[in-house]
Amino acid sequence: MSNFNRQIRLTSTMIRGLQYRYFTTIEGHRPTIVHKQGLDILHDPWFNKGTAFSMTERDRLELRGLLPPNVMSNEQQIERFMADLKRLEVQARDGPSDTNSLAKWRILNRLHDRNETMYYKVLIAKIEEYAPIVYTPTVGLVCQKYSGLFRRPRGMYFSAADRGEMMSMVYNWPAEQVDMIVVTDGSRILGLGDLGVQGIGIAIGKLDLYVAAAGINPQRVLPIMIDVGTNNEALLKDPLYLGLQQHRLDGEEYIAVIDEFMEAVFTRWPHVIVQFEDFQSKWAFKLLQRYRNSYRMFNDDVQGTAGVAIAGLLGAVRAQGRPMIDFPKQKIVVAGAGSAGIGVLNAARKTMARMLGNNELAFESAGSQFWVVDAKGLITEERENIDEDAKPFAKKTKEIGRQGLREGASLEEVVREVKPDVLLGLSAVGGLFSKEVLEALKGSTSTRPAIFAMSNPTTNAECTPEEAFSIVGENVIFASGSPFADVDLGNGHIGHCNQGNNMYLFPGIGLGVLLSGSRIVSDGMLQAAAECLAAYMTEEEVLKGVIYPSISSIRDITKQVAAAVITEAIEEDLAEGYREMDARELRKLNKEEILKHVEDNMWNPEYPTLIYKKD
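The chain goes by Malic enzyme in an unreviewed UniProt entry, where it is assigned to Artemisia annua. Note on the chain: under the UniProt heading Sequence similarities (unreviewed entry), the record states "Belongs to the malic enzymes family." Turning to the chain, the UniProt record has this under Catalytic activity (unreviewed entry): "(S)-malate + NAD(+) = pyruvate + CO2 + NADH".

Below you can see the structure in the form of structure tokens.
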């Protein structure tokens, strides 16, 4: 008891420090003050340790007798959970449509409900196995079924019915500080279309990766759904649907809801970072341009997808045995002109232009390297009612005439005539890269043509790696948005399937913005993140066709990306510092010290010592 008395005789100043600063690695071993005991602790996922409570803590928190007597280590807990998961996978199914992966999601979700620290221990320890469960591709299935899966609130819901009330609503969230928000309006979830309020599953999944990959404190993340209705007729007729059963707001009414939401969250949490996720193309660019210069925000579909694609495209140049500076010479056919496709095109053009001298002539020259094909075929200046965002990439009639192409030419025709170095798919149309298209790619002028089948989830991938390697040949570079297994090509050769997933970048971008204290998320910071990822692979790896790293390295990748973002923020004079590390101190750090600073501020799922204190 004397030890307990010593612990509670902390000064009030120290106690305040413990309450608000225990989240960093450096401070992670400090005690945490709690105001509950007994079953209340066991029912609180933030503080519950399950069988890992020590006997001292069991006495201190009145838990003795409420738990089995054997105190388990972290390793034993993970082993026990994994054994349970393997046994329960099949039993957790609710029927034939409840796949094995969805059963895993259910079991992980139950762990999250009862022991948050343990949940993130498992996720980090088994990230390669469980990233596809909490994120793509399984999260797509979760979103489709979310009305039936919802058990307890995780995040906040702002709706069209809440207009005028959002400023007060935001104070209903218990956390005094929120570092990261992922928000969606559910209008374009992955490649699955309008899923309405059920789209909150994607925001939850993304934030799980912010915690696991970037070490953002889970008590400081907030998934948000903005429900402005849905145009999904099946949901409008479904009596069990949890969202507003009305058609989506549009125009100024829609903008007014998003404006009110942004003002509310930034009023309560002025330093929060907001990631926009899975907004339909119609609004993705408009909202990004509306808010990016006044709020700390970015759009992952437009900017994150673009960054990961740029890293892969630069990796593909390296895989051809050429320096990255040769990127402006690549001929690229892009299938898809939605928010992701246009985002990649803009970023790739800027990257090429910068390598060519970053002037108007360089920008013009870079634009000529792209051929964009949408549902109506090749986009040219003859296209009627052309989307403003796609207009800069419309091919000139004179140019395509020399190539034997025309407005609306099919993807197969474009590939056959252009003979591209890269075929990039961001169409959300599964199987779009047909046998005929892939046969046409065999005529590529590149010794190692690259195929990027980037659409998610797996069913929407433009082609499979087996199709790519078997039709185009063993030398092809293949990347996809969702995970596929490597292909055995025989004779001891492996066809590497690279997963060009946004999780390589967005956690590092968010962490870098947070720790730099940058006022905005600049194009330079996003470019630095992409180039950092592109350079992460060794020369030996890229020559084997490996252009993206293993998911198992995600925390180290994120650390490197965050450091690159911080360095760029300092160079652009945008950094204002974070907590005790102000802008002046940040500027004094060298590369190794910035990396150490990032690592020190990444939360780890360690059980803190709990000390009870009456309210």
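Draft legend 1. Fine view of the pattern of salt bridges. On inspection of all chains with the given rule, the structure shows 37 salt bridges. The closest approach of N and O atoms between Arg-163 and Glu-253, which form a salt bridge, is 3.7 Å. Of this pair, Arg-163 sits in the loop between strand 2 (156–159) and helix 11 (166–169) while Glu-253 is found in helix 14 (residues 251–268), placing the two residues 90 residues apart along the sequence. Overall, the relative accessible area of 40% leaves Arg-163 in the partly exposed class.

Draft legend 2. Geometry of the packing of helix 12 (residues 200–214) against helix 26 (residues 554–571). Look at helix 12 against helix 26: their axes get within 8 Å of each other, and the N-to-C directions meet at 85°. When the interaxial angle is binned, helix 12 and helix 26 end up roughly perpendicular. Between helix 12 and helix 26, the residues in contact are Val-211, Ala-212, Ala-213 and Ala-214 and Ile-554, Arg-555 and Thr-558, respectively. Per-class residue counts for the contact of helix 12 with helix 26 are five nonpolar, one polar and one charged.

Draft legend 3. Structural view of helix 26. Between its terminal C-alpha atoms helix 26 stretches 26 Å, which fits the 26 Å expected from 18 residues at 1.5 Å a residue. Immediately downstream of helix 26, the backbone of Asp-573 shows phi near 60°, a positive value.

Draft legend 4. Representation of the side chain of Thr-230 within the structure. If you trace the backbone, Thr-230 turns up in the loop between strand 4 (221–227) and helix 13 (233–237). Thr-230 gets classed as buried once you look at its relative accessible area, which sits at 0%. A polar contact of 3.0 Å, which involves the side chain of Thr-230, links it to the backbone nitrogen of Asn-232. Non-local contacts of Thr-230, meaning those with residues more than four positions away in its chain, are made with Asp-194, Gly-196, Leu-235, Leu-236, Tyr-241, Leu-244, Gln-246, His-247 and Arg-248.

Draft legend 5. Inspection of the sheet that holds strand 6 (residues 297–299) at higher detail. Spatially, the five strands line up as an open sheet ordered 2-4-3-5-6, and their pairing is parallel. Unpaired on one side and paired on the other, strand 2 and strand 6 mark the two borders of the sheet. Direction aside, the axes of adjacent strands within the sheet are offset by 25° on average. Direction of pairing for strand 2 relative to strand 4: parallel, over a ladder of four bridges. Bridge assignment links Tyr-157 to a residue of strand 4, and that residue is Met-225.

Draft legend 6. Spatial organisation of the confidence of the model for the chain. Per-residue pLDDT for the chain averages 90, and the proportion of residues at 70 or more is 93%. Here residues 1–27 is modelled with pLDDT under 50, and outside its nearest four sequence neighbours on either side it reaches 36 contacts, counting other chains as well.

Draft legend 7. Region of the structure containing helix 8 (residues 127–134). Of all eight residues making up helix 8, six are buried, and the element is well covered by its neighbours. For helix 8, the full list of buried residues reads Ile-127, Tyr-130, Ala-131, Pro-132, Ile-133 and Val-134.

Draft legend 8. The side chain of Ser-518, seen in detail. Topologically, Ser-518 is positioned in the loop between helix 23 (506–516) and helix 24 (523–536). In terms of polar contacts, Ser-518 uses its side chain to reach the backbone carbonyl oxygen of Ile-520, at 2.6 Å. Each residue touching Ser-518, except ones within four places of it in the same chain, is listed here: Arg-296, Val-513, Met-525, Ala-569, Leu-574, Ala-575 and Glu-576.

Draft legend 9. The arrangement of the packing of helix 16 (residues 300–319) against helix 24 in detail. Interaxial distance between helix 16 and helix 24 falls to 8 Å at its minimum, and their mutual angle equals 40°. Relative to helix 24, helix 16 is oriented so that their crossing is right-handed. Listed contacts from helix 24 to Gln-303, Gly-307, Ile-310, Ala-311, Leu-314 and Arg-318 of helix 16 are Leu-526, Gln-527, Ala-530, Glu-531, Leu-533, Ala-534 and Ala-535. Its residues assigned to classes, the contact of helix 16 with helix 24 comprises eight nonpolar, three polar and two charged.

Draft legend 10. Broad picture of the sheet that holds strand 15 (residues 497–499). In spatial order, the strands read 9-8-7-10-11-12-15; together these seven strands make up an open sheet with mixed pairing. Strands at the two margins of the open sheet, each flanked by one partner only, are strand 9 (377–378) and strand 15. Looking at chain direction, strand 12 (residues 477–480) and strand 15 are connected through three bridges and run parallel. Counterpart to Phe-478 in the pairing with strand 15 is Cys-497. Against the sheet, helix 20 (residues 411–418) touches strand 7 (332–335), strand 8 (370–374), strand 9 and strand 10 (422–425), its axis set at about 175° to strand 7. In the packing of helix 22 (residues 465–472) onto the sheet, contacts are made with strand 11 (450–453), strand 12 and strand 15, and the angle to strand 12 comes to roughly 160°.

Draft legend 11. Molecular detail of the environment of Pro-323. Inspection of the secondary structure assignment puts Pro-323 in the loop between helix 16 and strand 7. You can call Pro-323 partly exposed: its relative accessible area is 48%. Separated by 88 residues in the primary sequence, Pro-323 and Leu-411 place their C-alpha atoms 29 Å from one another.

Draft legend 12. Broad picture of unusual backbone geometry. Geometrically, the link from Thr-136 to Pro-137 is a cis peptide bond, its omega value of 10° lying close to zero. Note that Pro-137 resides in the loop between helix 8 and helix 9 (138–144). Cis geometry marks the peptide bond from Asn-456 to Pro-457; its omega dihedral reads -10°. Residue position: Pro-457 is located in the loop between strand 11 and helix 22. At Lys-419, a position not held by glycine, the phi torsion is positive, near 55°. Within the secondary structure, Lys-419 sits in the loop between helix 20 and strand 10.

Draft legend 13. View of the nonpolar core. If you look at the biggest cluster of nonpolar residues, it comprises 163 residues, and the most contacted ones within it are Ile-181, Ile-224, Met-262, Val-274, Phe-276, Phe-452 and Tyr-548. Counting residues per element, this core draws most heavily on helix 16, which supplies eleven residues. Apart from the residues within four sequence positions on either side, Ile-181 is in contact with Leu-222, Ile-224, Val-265, Trp-269, Val-272, Ile-273, Val-274 and Gln-275. Formed by 29 residues, the second largest nonpolar core is a distinct cluster that contains Ile-400, Leu-405, Phe-469 and Val-472.

Reading the values: the criteria
Residues numbered from 1 in each chain as written. Predicted model: local features only at pLDDT ≥ 70, side-chain atom pairs only at ≥ 80, totals over all residues. Heavy atoms only, no water. UniProt positions renumbered as here; feature names shortened; annotations may be inferred. Salt bridge = Lys/Arg side-chain N within 4 Å of Asp/Glu carboxyl O. Helix = DSSP H or I, 4+ residues; strand = E, 2+ residues; numbered from the N terminus. Buried < 20%, exposed > 50% of the residue type's maximum accessible area, 1.4 Å probe, protein only. Axes fitted to C-alpha atoms, helices over the stretch in contact; angles between N-to-C directions. Parallel < 35°, antiparallel > 145°, perpendicular 65-115°, else oblique. Contact = heavy atoms within 4.5 Å. Nonpolar A, V, L, I, M, F, W, Y, C, P; charged D, E, K, R; others polar. Expected span 1.5 Å × (residues − 1). Polar contact = N/O pair within 3.5 Å; in protein donor to acceptor, adjacent residues only side chain to side chain. Pairing = 2+ DSSP bridges. pLDDT = per-residue confidence, 0-100. Left-handed = near helix turned anticlockwise from the far one by under 90°. Core = buried A, V, L, I, M, F, W, Y, C linked by side-chain atoms within 4.5 Å.

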